[in-house]
Amino acid sequence: MLFNSFVFIFLFLPITFIAYYGLNRLKLYQWAKSVLVIASLAFYAYFNLSYLPIMVASIVVNYGIGMALNRGGSLLKLKTMLTIGILFNIGLLGYFKYTDFLIENINAAFSTSYALKNILLPLGISFFTFQQLAFVIDSYKAAKTTVGNMSANTPPQSKSIPGFLDYCNFVTFFPQLIAGPIVLPEEMLPQFENERNRHLNSRNILDGLYIFAMGLVKKVLIADSIAVFANAGFMLAEKGGLTMAEAWLTSLSYTFQLYFDFCGYCDMAIGIGLLFNIKLPLNFDVPYRATNFQDFWRRWHMTLNRFLTQYLYIPLGGSKTGKARTYLNILIVFFISGLWHGAGWTFIIWGICHGIGVMICRAWHKGGCRLPDWLGMFITFFFINILWVIFRADNMTIAWNVIRSMFDNTSLRLTENLTSNLPSILPNTINMLILFAAILLAFIGPSAYSIMTNEKTSLRTKQALAIMGITVSIFFVSRVVTFLYFNF
Amino acid sequence: MARKIAIQTLVIIIVLLAAIAGFIIWADPYQQYRASDDFVGNQRLEIPGVARNHDYNAAIMGSSMVMNHSPEQIDSLFGWRTYNFSFMGATHDDFGIALPFIIKQGKVKHIIFDIDYFTYASKEKRMAEYLWDDNILNDVSYWFNYTSLEHAIQKLRNPIKRKNLYNFHDEETEAKVYDSYSKAIGGEGFDSRIYDMGHNAMAMNFDNTVGHAIKASSGKVEWLLFFPPYSAAEYARIEHFGHLEDFLKLRKHIVDNYCTLPNVRMFDFQADKSIVCDLNQYNDTRHHSHAYNRMTVSEMENGGHGISKRNIDSNNAEIRRISSEFIRSYHQR
């Protein structure tokens, strides 16, 4: 089920909302939590019922490991449980996401012809696996601390494992289940346990409606409208036939489509979370205004970056193990980030390029060099825009066709190839104006989230924006287009 | 204060959405709820409502090849009450959805249907399926829809009357046919992402959609199937891209499997040299004049140009000859 679908907006969300608060009002708190879990499982199963057992199995195994860790024991036992947990999660993700990629590469490298398994990738597996990995690692750290304290003859810290329902909600809570934000146990579990969150909160409802509306506008009005240029451009690039203007239109359209698509999804997720008094973390902070690559990754998909920093970069030694090792750690993190986004060389190359960008930026700053913000922003956006081409293209040939055309100034006009017969409900001129507005919004407009959290924003402003956003974007909901990040 | 504004927001949103839905239901641009004499001219969106709410006992269906057929002309010849339910750029997916729905209405007793190979090669899906069923719940996609809103306004301000519906006319000349052919063969041919020109795929697509509807409606609906008269240039175009035999095998498959069914009569205008080589009757390699519309339905009424297992091979051989002759004459020009 998509947030931008009628079945979600008119049926699923109202029913879940009424059932959740209705049961809480009757003081049936465990039932209310159960309703949230059941609704989330139904939300997930709506995409494909066969995904459900995989997710349920993953929840049960990880919770079991968490319980075993919570019971404590020798360090060896804890380490064994941690290893099992990590292997299980990486194995699950590896099997479903990377098996065919591995076979393809073995076939290519050794001229073998092993048959592809054509394994169906369960939706959101990259997200819920990372979240549970965080839970297992955090449980290990807590248990290890307890063991350490006991050996030092200090009283053990009693950090009990969350209840199973709270854990299920942490993993499956439907606003963040399919495409994040990637939440951590420490920020979610207390919210599900907090008794104050069981009651309707008008302010949260108003904020939730406002930011949901803004997300819906970003997705259905902006991202889906400018997507037509990106889709047509990449299709044409398969044959290599793009002019310079078309190549730039293609790359810029995708750059802003991806941003408004994913940011729109996250805004909607935050909004829906607020309707249930759950605050999800911010995932985007006007990323195209970043003045360098490091800054970009502090603003783009912030929760993925946080996860990789906390659970990969720091355990690898972070920046505390010497210069060369620090750069290697950065490269490893971005290699994993690329691979996490998709099982393909284009994603890996994209990730490594970003890693190199961050390394150069780090060296530049360490060397005491600085650029004016406007120049840094321009250069960063320029390269990020090019790297999105690699990210979007089905293969490096197509990516190269687009990138080459971007710098081939022999033809500067838009041809009919790109602009005719686009599958759009709006005319090209309007789509072009939407692209222009998207660029302005991304570079100079206030973010929807900052408007929401700004104390000075009046409730009436939020009300007006919520009403306008929902009533305008509802006309575009029937062109149901999946969120781009569902693929990752 | 926050509570009051939150409730107000929800109420205003609900009222506005109800008003939008109410407006679309009232204007009913696609005639989903009641018949109207005012049309908007979009076949895939409009035909389901018309099929449900108008009065008719016959339909002419198919691709753009029959889009300009006048229902009145058919009525005057056959004595039916006909509606034109054709689709521009028809695909087999269109017919897989439209035919069961139209037949289910229980009104249509006769269907004149053109067999256009393009339809069965195309992989595209263009139907707004929520309009082609009786499920009231999915009408929400009709109410809250930018295209519905545009068409509702068009219907109120500038409706199309039935006699002008889907009546596109363009000048027919030999020069246009040659020009269209030159452009076609200068291009890249049938895009394999959109078309599967293999005869097995096309035959399967026909069987699963039109063929299935024909067999399922046996005893209820009479079918007049016909191969529409493309120009000779169209055969040459298909041959240029290496698919002439696929095209001919599809024809044979359909004739062999359907011409003997009790509810089917079948006609072939594609192998008549006097028709397909008169290029002044065409405005591109495929689409022909109104004169040919009249001719084809008159012939069907008279029983002329029949096709059966007996003459399919000779007709296919004739198409091969026509194609070769066109290619030869084109190069000699």
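Residues numbered from 1 in each chain as written. Chains lettered and ligands numbered in written order. Predicted model: local features only at pLDDT ≥ 70, side-chain atom pairs only at ≥ 80, totals over all residues. Heavy atoms only, no water.

Facing the 23 residues of chain B at the interface are 23 residues of chain A. In this assembly, chain B packs against chain A so that about 2,200 Å² is buried in total across both faces, 74% of it on carbon and sulfur atoms. For the pair chain B and chain A, the interface holds one salt bridge. A salt bridge links arginine 193 of chain B to glutamate 238 of chain A; the nearest nitrogen and oxygen atoms lie 3.1 Å apart. Inspection of the chain B/chain A interface yields five residue pairs in polar contact (both at pLDDT 80 or more). Breaking the side of chain B that touches chain A down by element, the ones donating at least two residues are α1 (2-27), α6 (140-143) and α7 (146-157) of chain B. If one sorts the elements of the side of chain B that touches chain A by residue count, α1 of chain B sits on top with 12 residues. Class assignment of the residues belonging to the side of chain B that touches chain A gives a composition of 14 nonpolar, five polar and four charged. (Contact = heavy atoms within 4.5 Å. Buried area = accessible area lost by both parts, 1.4 Å probe. Salt bridge = Lys/Arg side-chain N within 4 Å of Asp/Glu carboxyl O. Polar contact = N/O pair within 3.5 Å; in protein donor to acceptor, adjacent residues only side chain to side chain. Helix = DSSP H or I, 4+ residues; strand = E, 2+ residues; numbered from the N terminus. Nonpolar A, V, L, I, M, F, W, Y, C, P; charged D, E, K, R; others polar.)

All names here are of chain B. The element strand β7 (residues 264-268) is extensively covered by neighbouring structure, given that four of its five residues are classed as buried. Bridging between strand β6 (residues 222-227) and β7 involves five bridges; their strand directions are parallel. Looking across to β7, one finds that tryptophan 223 is bridged to valine 264. (Buried < 20%, exposed > 50% of the residue type's maximum accessible area, 1.4 Å probe, protein only. Pairing = 2+ DSSP bridges.)

We now examine the packing of aromatic side chains. All names here are of chain A. In this structure the tally under the stated criterion is 95 aromatic pairs over all chains. Judged by centre distance (5.5 Å) and plane angle (65 degrees), the ring pair of tyrosine 20 and phenylalanine 276 falls under edge-to-face. With tyrosine 20 in helix α1 (residues 6-25) and phenylalanine 276 in the loop between α10 (244-275) and α11 (293-299), the pair connects residues that are 256 residues apart, well separated along the chain. Here tyrosine 20 matches phenylalanine 276 in class, with each residue buried. Ring geometry for phenylalanine 347 and phenylalanine 391: centres 5.1 Å apart, planes at 90 degrees, overall edge-to-face. Taken together, the residues phenylalanine 347 in helix α14 (residues 345-366) and phenylalanine 391 in helix α15 (residues 373-392) connect sequence positions 44 residues apart. Overall, the relative accessible area of 3% leaves phenylalanine 391 in the buried class. (Phe/Tyr/Trp six-rings, centres within 6.5 Å; stacked < 30°, edge-to-face > 60°.)

All right, on to the domain arrangement of chain A then. Size of an interface: often given as the accessible area lost when the parts come together. Residue and element names in this part refer to chain A. Taken domain by domain, chain A comprises domain 1 (6-187) and domain 2 (204-291 + 371-487). Here the C-alpha centroids of domain 1 and domain 2 sit 30 Å apart. Taken together, the 24 residues of domain 1 in the interface contact 21 residues of domain 2. The largest contributions to the domain 1 side of the interface with domain 2 come from Phe6, Pro175 and Pro181, which together make up 26% of the buried area. The interface formed by domain 1 and domain 2 holds zero salt bridges in total. Our enumeration of links across domain 1 and domain 2 arrives at four residue pairs in polar contact (both at pLDDT 80 or more). When residues of the side of domain 1 that touches domain 2 are traced back to their parent elements, those giving at least two are α1 and α7 (174-177). Looking at which element gives the most residues to the side of domain 1 that touches domain 2, the answer is α1, with nine residues. Taken together, the residues of the side of domain 1 that touches domain 2 sort by class into 20 nonpolar, three polar and one charged. (Domains from an automatic or database assignment.)

As a further point, take the confidence of the model for chain B. The predicted model of chain B averages 92 in pLDDT, with 98% of residues at 70 or higher. The secondary-structure element of chain B with the lowest mean pLDDT is strand β5 (residues 160-161) of chain B, recorded at 88, while strand β4 (residues 110-114) of chain B shows the highest, at 97. (pLDDT = per-residue confidence, 0-100.)

We now examine the pattern of salt bridges. Residue and element names in this part refer to chain B. With the rule as written, the count across this model stands at 27 salt bridges over all chains. With a closest N to O distance of 2.7 Å, aspartate 94 and arginine 44 form a salt bridge. With aspartate 94 in helix α4 (residues 92-104) and arginine 44 in helix α2 (residues 43-53), this residue pair connects regions lying 50 residues apart in the sequence. When sorted by exposure, aspartate 94 lands in the same class as arginine 44, which is buried. As a salt-bridge pair, arginine 237 and glutamate 234 come within 3.3 Å of each other at their nearest N and O atoms. Of the two residues, arginine 237 and glutamate 234 both sit in helix α10 (residues 232-240), three residues apart, roughly one turn of that helix. On the basis of relative accessible area, arginine 237 is assigned to the buried category, the value being 14%. A relative accessible area of 0% places glutamate 234 in the buried class.

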